Amino acid sequence: MTTLPGTPYVVEVNPRIPERLARLEDLAGNLWYSFDRATRELFARLHPTLWNAIGHSPKAFLRRVDEARLRAAADDPVFLDNFSRILSAYDAYHSERAARGALTGLSADDLIAYFCAEFGFHESLPIYSGGLGILAGDCCKAASDMGIPFVGVGLLYRQGYFQQRIDAEGKQHVTYADSDFVELPVELVHADGGNELRVQVEFPGRSVSVRIWKARVGHVMLYLLDTDVPENSAADRAITYRLYGGDRRTRIEQEIVLGIGGVRALAALGRMPTVWHMNEGHAAFMVLERVRMLAAVGLEFTSALEAVAANTVFTTHTVVPAGHDHFAEDMVEAYFAGYCHDIGIERETLLALGRTPGDGEFNMTALALRGSRFHNGVSRINGELSAQMLKGFWPEVPPEENPIDHVTNGVHVPTFLASEWRDLFDRFLGADWRHRLYGDHAFDDVDNIPEHMFWSVHQYLKTRMLNTVRERIRDQHFRNRGSEAHLDRLLQYCDPGSPDVLTIGFGRRFATYKRATLIFNDLEWLRQIVGDSKRPVLLIFAGRAHPADTPGQELIRRITDIARSRDFEGRVLMVEGYDLRLARRLVCGVDVWLNTPVYPLEASGTSGMKAGINGVINLSVLDGWWGEGYCGDNGWAIKPTEDTTEPERRDREEARTLYEILQDQVVPLYYRRDGAGTSPQWIRMAKRSIATILPRFNADRMVGEYAAKFYQPAARQGRRYAERGHGCAHDIAAWKTKVRKAWPGVRMQRVDRPPTRLTFGSKIEVEVALALNGLAPDDVTVELLLSRSEYDAGLDERRRLLFTPRQKQGDEHRYALTLEPDLCGRLDYRIRAYPCHADLTHPLELGLMLWT
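My aim in this report is to walk through the structure given alongside it, one point at a time. (Residues numbered from 1 in each chain as written. Predicted model: local features only at pLDDT ≥ 70, side-chain atom pairs only at ≥ 80, totals over all residues. Heavy atoms only, no water.)

1. Structural notes on the overall build of the protein chain
A tally of regular secondary structure across the protein chain gives 28 helices and 28 strands. Compactness check: the protein chain gives a C-alpha radius of gyration of 29 Å against a globular reference of 29 Å for 852 residues, within 12% of the reference. Considering only residue pairs separated by 6 or more positions, the protein chain has 73% of its internal contacts joining residues 24 or more positions apart. Of the roughly 35300 Å² that the protein chain leaves accessible, carbon and sulfur atoms contribute 49%. For the protein chain, the centre of its 103 positive side-chain charges and the centre of its 114 negative side-chain charges are spaced 1 Å apart. (Helix = DSSP H or I, 4+ residues; strand = E, 2+ residues; numbered from the N terminus. Rg over C-alpha atoms; globule rule 2.2 N^0.38 Å. Contact = heavy atoms within 4.5 Å. Areas by Shrake-Rupley, 256 points an atom, 1.4 Å probe, with all protein chains shown as cover. Lys, Arg positive; Asp, Glu negative; His and termini not counted. Charge placed at Lys NZ, Arg CZ, Asp CG, Glu CD.)

Structural data, given as C-alpha cells:
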C-alpha cells in the first residue's frame with residue numbers, strides 16, 4: 001500500500017445503538033462473554049472482519065461498527081431471536097447467585113478479596129502473561145458460577161504483556177501496544193460526588209495518586225488500579241504501564257500499589273473482606289497495610305500481625321527461584337521508613353518479615369508466609385516440594401507436617417470446553433451435567449456417546465484449529481518474505497481438508513525448565529517417527545519467551561531452525577503470537593497434548609487439563625497435575641529419572657522414553673483404523689480422558705476446595721481473633737512471645753525403661769520429664785507417633801497418641817502415656833513435644849519441636 005504524504009489525522013465516529021439493541025452494551029460490559037461463546041458469536045456475526053481486527057473486544061466493536069449494520073440487525077428477526085435467547089441466558093445466570101452461594105458454607109457477611117498481579121479472562125482484556133493470570137481469571141469465573149462472595153484486585157496495565165513476532169531465523173521480536181481503556185471491558189469508579197475515586201499511596205518524598213477501575217465478571221467484581229493520572233509525575237504515571245516490565249524499582253512500586261493501594265481501594269469502596277487471598281507473593285505488601293490500619297486504632301504490631309494473618313491465604317506457585325520476588329533491604333527501607341515510624345517499629349522488625357534463611361534480601365514469599373496462616377501449593381507434588389523448600393520457616397517440624405497444604409489447580413469448564421462438546425454432553429449426559437462436575441464417576445456416561453459422533457466432533461474441532469494455524473503461518477511466512485511455493489510445503493500436513501494426520505501440540509511459556517525442545521533430543525530417531533509417509537505426524541509449537549529470557553528465546557530459534565530443515569519441513573510448525581484464542585483452538589483441536597517439564601519444576605500446569613476435557617490425549621512427564629491425573633488408560637506418562645541424574649543424561653533418558661511411547665503406542669494406536677476410518681481404541685482413550693479429567697480438574701472443584709479448606713476456617717479465625725477488641729490476637733501474640741523466649745531452654749527426656757519385646761495385649765507405661773523453662777504444662781503437647789517399622793509409613797499414616805500431664809518433680813514436669821499396641825510385629829514409636837494453644841490456626845505454626 002502506498003504511503004500518502006502529509007500529516008494523518010484520525011477521528012473515530014461512534015455509531016448510535018438502536019434502542020432494540022441497547023442491551024448489547026450490557027453484554028459488552030460484562031466479562032461473562034469470555035465464557036459464553038454464543039455472546040461472542042453474536043457480535044462476530046455483525047461484522048466478522050471488524051471483530052477479528054479489534055481483537056474480539058465487544059466494547060471496542062460497538063464503538064466502531066457501522067451504524068447501518070446495527071440498524072439492519074435491529075430489523076433482522078433471526079438476529080433478534082438469537083439476541084433475545086442470549087439475554088435470557090444472561091439474566092438467568094445473574095439471578096441465580098443466592099441459590100448456589102449457599103452451597104459453599106460461607107455466610108452472607110463474608111467476602112473473599114483475591115489479589116493477583118495479573119488476570120486472564122479473554123484476549124480483549126490484555127492484562128495477563130500466562131498461567132498465573134489465567135488461573136486467577138478462572139478463579140473469578142468459578143466464584144461467580146458458584147455464587148461465592150468474591151472480589152478481585154489487580155493492576156490495569158496500559159500496555160499489558162508483549163505481542164510476539166518470529167522472523168525467518170526464529171528470532172522473537174517484541175512489540176507493545178497501548179490499550180485505550182475506553183475500549184476495554186472496564187469502567188471508572190466514581191466517588192459519591194461524581195469525581196473519579198482516588199486513593200493515595202506514599203512513596204519516598206511523594207504521594208502517588210491511584211485511580212480505580214472495575215470490571216464485571218458475571219457476579220464477581222474485579223477492581224483494577226492505575227497510576228496513569230495527570231496529577232502524578234511522568235515516572236509515577238508509568239508505574240502501572242507495563243506488566244512485568246521495567247527494573248527492580250518499577251517492580252517494587254507496582255507491588256506497593258497492588259498490595260497497599262489495593263487494600264486502600266477496598267476501604268474507599270466500603271468493601272470489608274473477611275478473607276484475604278494472595279495469589280503469589282506480588283501482593284504481599286497488603287499485609288503491612290492491614291497491620292498499619294489496625295495499629296492506627298491502637299493495636300500493637302505483633303497483635304496486629306496475628307490478627308491480619310489469621311484470615312489470610314497465600315498460594316505459592318513455583319519452586320523456581322526466579323519466580324519469587326526479592327528486593328535489596330536498603331530499597332525496602334527507603335520505601336517503608338515512614339511506615340516504620342507510623343506504627344512504631346524498628347527497621348529490623350520490618351526487614352525480618354522478609355528474610356529467608358541464608359539470604360540477605362527482602363523476599364516477598366517470606367513476607368506472605370509470615371503474614372498468613374493458610375498456605376498452599378497448586379498440586380500435590382508442588383505442595384510437597386514447597387513444604388520441603390520452605391521448611392526453614394518451621395525449622396524443627398518435619399516438612400511433610402508443616403503448614404504448607406495444596407489445592408490442585410483446575411480450569412473453568414465453560415471457558416475451555418468447546419461448545420460442540422457441550423452440545424453432545426447435553427444429548428447423552430443430560431442437561432444437568434454442568435451442575436454435577438464433582439465426583440470421580442460423574443462423567444462415566446461419556447462412554448455412551450457413539451464413536452462416530454465423538455470422532456466427528458473431534459475432527460470438526462481439529463479442522464477449525466488447522467484453519468487458524470494455517471492463517472497464522474501464512475501471515476508469518478509472507479511477512480518474512482517467503483514464497484507461495486514454499487508455503488505449500490510448510491502447510492502440506494496442516495490441511496483442514498484432510499484432518500487425518502496425527503497432530504501433536506505444545507503450547508505454553510517458553511521457559512527452559514519446560515523443555516520445549518526435549519522431543520528434538522535425537523533428530524534421527526524423531527525423523528523415523530514423524531517421517532513415515534503412511535503414518536505422518538505433525539508437531540505444532542506455540543509460546544512466548546519473556547523478553548529478558550535469552551535461553552527461552554533460543555528454544556524458539558532452535559525449533560524454527562529444525563522446522564526449516566528438509567527432514568522436518570512441513571512436519572514441525574512454530575506458530576507466533578500465542579494468546580488465549582490460539583490456546584483455545586489448540587487445546588481442543590490437536591490429537592495429543594505434549595508436556596515435557598523438568599521434574600519437579602512444573603507447579604501444576606493447566607493446559608493439559610484444558611486439552612484433556614476436550615478429548616485430547618495427554619503425553620506428559622509425571623509432574624504437576626499429571627502426577628494426580630494419570631491413571632494408566634487416559635493418556636501416556638513419562639516417568640522422571642532420579643533426581644541425582646545429571647541434566648544431559650536425564651534429558652537423554654526421558655527423550656528416549658518419549659520416542660518409545662510415540663513409536664510403539666501413540667502412532668500405531670492413532671492409525672489403527674477400522675472400516676469406518678476411525679480408531680476405536682483411540683476414541684476409547686479420548687473418552688477416558690474426558691471422564692477422568694473433567695470432574696477432577698475443573699475450577700468449581702478447585703474453588704470449592706479453597707472454600708472448604710481455607711476460606712471458611714479463615715473467616716472463622718478472623719472473627720475469632722477480632723473478638724474483644726482483638727483480644728484474642730493480643731493473647732496469642734503475647735503467648736507466642738513467651739514461648740519463643742522460653743523454648744531454647746526447654747528440655748525433654750524419657751524416664752521409664754523402654755522394653756524391646758512384649759506380648760500382644762500387654763501395656764507399656766511411657767513417661768517423659770520436661771524442664772519447661774517457665775512454661776505451663778498446658779503450653780506443651782507431648783505426643784507419641786506409632787507405626788510398623790517394616791512399612792514405609794508416612795507421617796499421615798502414623799498413629800498419634802497424646803501424653804497426659806502428671807505431677808511436677810523438682811524443676812521437671814512429668815507426662816505419661818499407657819501404650820497398649822493393637823498391632824503385632826516390629827513397631828516404631830517416637831516421642832516429641834511442641835507448643836500448643838487452643839487459638840492457634842495450625843498446631844505447628846510456630847515451627848518449634850523437641851524429640852527424645
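2. Quick look at the packing of helix H11 (residues 285-295) against helix H12 (residues 301-310)
Orientation of H11 relative to H12, taken along the N-to-C sense of each, is 125°, at an axis distance of 9 Å. In terms of orientation, H11 and H12 fall into the oblique class. H12 is crossed by H11, and the crossing has right-handed handedness. Every residue of H12 that contacts H11 at Val287, Arg290, Val291 and Leu294 is listed here: Phe301, Ala304, Leu305, Ala307 and Val308. Counted by class, the contact of H11 with H12 contains eight nonpolar, no polar and one charged residues. (Axes fitted to C-alpha atoms, helices over the stretch in contact; angles between N-to-C directions. Parallel < 35°, antiparallel > 145°, perpendicular 65-115°, else oblique. Left-handed = near helix turned anticlockwise from the far one by under 90°. Nonpolar A, V, L, I, M, F, W, Y, C, P; charged D, E, K, R; others polar.)

3. Points about the side chain of Gln164
By the secondary structure assignment, Gln164 is in strand E3 (residues 163-166). Only 3.0 Å separates the side chain of Gln164 from the side chain of Gln172, close enough to count as a polar contact. Within the structure, the side chain of Gln164 is placed 2.8 Å from the backbone nitrogen of Gly577, a separation counted as a polar contact. For Gln164, the residues in contact, after removing those within four places along its chain, are Gln172, His173, Gly543, Arg544, Ile556, Val575, Glu576, Gly577 and Tyr578. (Polar contact = N/O pair within 3.5 Å; in protein donor to acceptor, adjacent residues only side chain to side chain.)

4. Looking at the side chain of Ser144
Within the secondary structure layout, Ser144 lies in helix H8 (residues 131-146). Side-chain polar atoms of Ser144 contact the backbone oxygen of Val217, separated by 3.4 Å. Discounting chain neighbours no more than four positions away, the residues touching Ser144 are Tyr93, Val217, Gly218, His219 and Val220.

5. Quick look at the environment of Phe327
Positionally, Phe327 belongs in strand E11 (residues 326-327). Taking the C-alpha atoms as reference, Phe327 lies 5.7 Å from Glu361; in sequence the two are 34 residues apart. When sequence neighbours within four positions are dropped, the list of residues in contact with Phe327 reads Arg248, Arg251, Ile252, Glu255, Val332, Glu361, Phe362 and Met364.

6. Some words on the packing of aromatic side chains
Aromatic ring pairs: the centre-centre distance and the angle between the two ring planes describe each pair. Under the counting rule described, the total for this entry stands at 38 aromatic pairs. Centre to centre, the rings of Trp32 and Tyr90 are 5.2 Å apart; their planes meet at 80°, and the pair counts as edge-to-face. Highlighted residues: Trp32 in the loop between helix H1 (24-28) and helix H2 (37-46) and Tyr90 in helix H6 (residues 77-93), separated in sequence by 58 residues. Between Trp51 and Phe61, the aromatic rings sit 5.9 Å apart at their centres with planes inclined by 75°, giving edge-to-face as the arrangement. Highlighted residues: Trp51 in helix H3 (residues 48-53) and Phe61 in helix H4 (residues 58-64), separated in sequence by 10 residues. (Phe/Tyr/Trp six-rings, centres within 6.5 Å; stacked < 30°, edge-to-face > 60°.)

7. Quick look at the sheet that holds strand E28 (residues 850-851)
Judged by pairing direction, the sheet is antiparallel, and its four strands sit side by side in the order E24-E23-E27-E28 without closing on themselves. Each having just a single partner strand, strand E24 (799-802) and E28 make up the two edges of the open sheet. For strand E23 (residues 780-788) and strand E27 (residues 827-835), the ladder comprises nine bridges, and the chain directions are antiparallel. Note on E27: the bridge partner recorded for Val780 is Pro835. (Pairing = 2+ DSSP bridges.)

8. Re the nonpolar core
Core analysis: the largest hydrophobic core is formed by 177 residues, its most contacted members being Leu27, Phe115, Phe285, Phe336, Tyr711 and Val782. Among the elements that line this core, the one with the most residues is helix H28 (residues 699-742), at 16 residues. For Phe115, the residues in contact, after removing those within four places along its chain, are Val153, Leu258, Gly259, Gly262, Val263, Leu266, Trp276, His277, Met278, Asn279, Ala283 and Met286. The next biggest cluster of nonpolar side chains, apart from the first, holds 102 residues, and it includes Phe425, Trp455, Leu491 and Phe506. (Core = buried A, V, L, I, M, F, W, Y, C linked by side-chain atoms within 4.5 Å. Buried < 20%, exposed > 50% of the residue type's maximum accessible area, 1.4 Å probe, protein only.)

9. Overview of the environment of Tyr114
Looking at the element boundaries, Tyr114 is found in strand E1 (residues 112-115). Separated by 165 residues in sequence, Tyr114 and Asn279 have C-alpha atoms that sit 7.1 Å apart. The contact partners of Tyr114, leaving out residues within four places of it in the chain, are Phe119, Ala136, Cys139, Phe150, Val151, Gly152, Val153, His277, Asn279 and Tyr711. Separated by 3.0 Å, the side chains of Tyr114 and Asn279 make a polar contact.

10. Observations regarding the sheet that holds strand E26 (residues 812-819)
The strand order E21-E22-E26-E25 describes an open sheet built from four strands, whose pairing is antiparallel. Only two strands of the sheet have a single neighbouring strand rather than two, namely strand E21 (747-750) and strand E25 (804-809). Adjacent strand axes in the sheet meet at a mean angle of 30°, parallel and antiparallel pairs treated alike. In the sheet, strand E22 (residues 764-771) pairs with E26 via seven bridges, with the strands oriented antiparallel. Bridge assignment links Ala769 to a residue of E26, and that residue is Arg814.

11. Quick word on H8
In a regular helix each residue adds 1.5 Å, so 16 residues correspond to 22 Å; H8 covers 22 Å between its end C-alpha atoms and thus fits that length. Burial analysis of H8 places 15 of its 16 residues in the buried class, the great majority of the element. At the C-terminal side of H8, Gly147 shows a positive phi close to 75°. (Expected span 1.5 Å × (residues − 1).)

12. A few points about the pattern of salt bridges
Oppositely charged side chains can form a pair if their charged atoms are brought close together. Inspection of every chain in the model, using the stated rule, returns 65 salt bridges. Among the salt bridges present, the one from Glu653 reaches Arg649, with a minimum N-O distance of 2.7 Å. Of this pair, Glu653 and Arg649 both sit in helix H26 (residues 647-670), separated by four residues, roughly a single helical turn. Taking the relative accessible area as the measure of exposure, Glu653 reaches 21% and is therefore partly exposed. Asp731 is paired through a salt bridge with Arg724; the nearest N and O atoms lie 3.1 Å apart. Look at the salt bridges and you will find they share partners, linking Glu196, Arg198, Arg211, Asp226 and Glu231 into a network. (Salt bridge = Lys/Arg side-chain N within 4 Å of Asp/Glu carboxyl O.)

13. Describing unusual backbone geometry
Of the consecutive residues Tyr599 and Pro600, the connecting peptide bond is found in the cis state with omega at 5°. Phi is positive for Arg481, which is not a glycine, with a value near 65°. Its location among the elements puts Arg481 in the loop between helix H19 (451-479) and helix H20 (484-490).

14. Comments concerning a negative patch on the surface
A cluster of acidic residues, Asp440, Asp444, Asp445, Asp447, Glu451 and Asp674, forms a negative patch on the protein surface. Along the polypeptide, Glu451 turns up in helix H19. (Patch = residues over 30% accessible without salt bridge, like charges linked within 9 Å, V, L, I, M, F, W, Y side chains within 5 Å.)

15. Focus on the pairing of strand E6 (residues 198-203)
Only one face of E6 is covered, namely the face carrying Val199, Val201 and Phe203; the face carrying Arg198, Gln200 and Glu202 is uncovered. In this structure, E6 lies alongside strand E7 (residues 206-217), joined through six bridges in antiparallel fashion. Along E7, the bridge assignment pairs Val201 with Val208. Between the antiparallel neighbours E6 and E7 lie two residues, among them Gly205 with a positive phi of about 75°.

16. Observations regarding helix H21 (residues 523-530)
Taken together, the buried positions of H21 are occupied by Leu526, Ile529 and Val530. Axial view of H21: buried residues confined to an arc of 80°, hence all on one face. The residue sitting at the N-terminus of H21 and contributing the capping side-chain oxygen is Asp522; that oxygen lies 3.3 Å from the backbone nitrogen of Glu524. (Arc of directions from axis to C-beta.)

17. Some words on the state of the cysteines
All chains considered together, the criterion is met by zero disulfides. Free of any disulfide, Cys494 has its nearest neighbouring cysteine sulfur in Cys588, separated by 14 Å. (Disulfide = S-S within 2.5 Å.)

18. Examining the packing of helix H18 (residues 419-429) against H19
For any two helices packed against each other, one specifies the inter-axial angle together with the distance between the axes. The N-to-C vectors of H18 and H19 enclose an angle of 165°; their axes lie 10 Å apart at closest approach. In terms of orientation, H18 and H19 fall into the roughly antiparallel class. Every pair of crossing elements has a handedness; the one defined by H18 and H19 is right-handed. Between H18 and H19, the residues in contact are Glu420, Trp421, Leu424, Arg427 and Phe428 and Met453, Phe454, Val457, His458, Tyr460, Leu461 and Arg464, respectively. Across the contact of H18 with H19, the residue classes break down as eight nonpolar, one polar and three charged.

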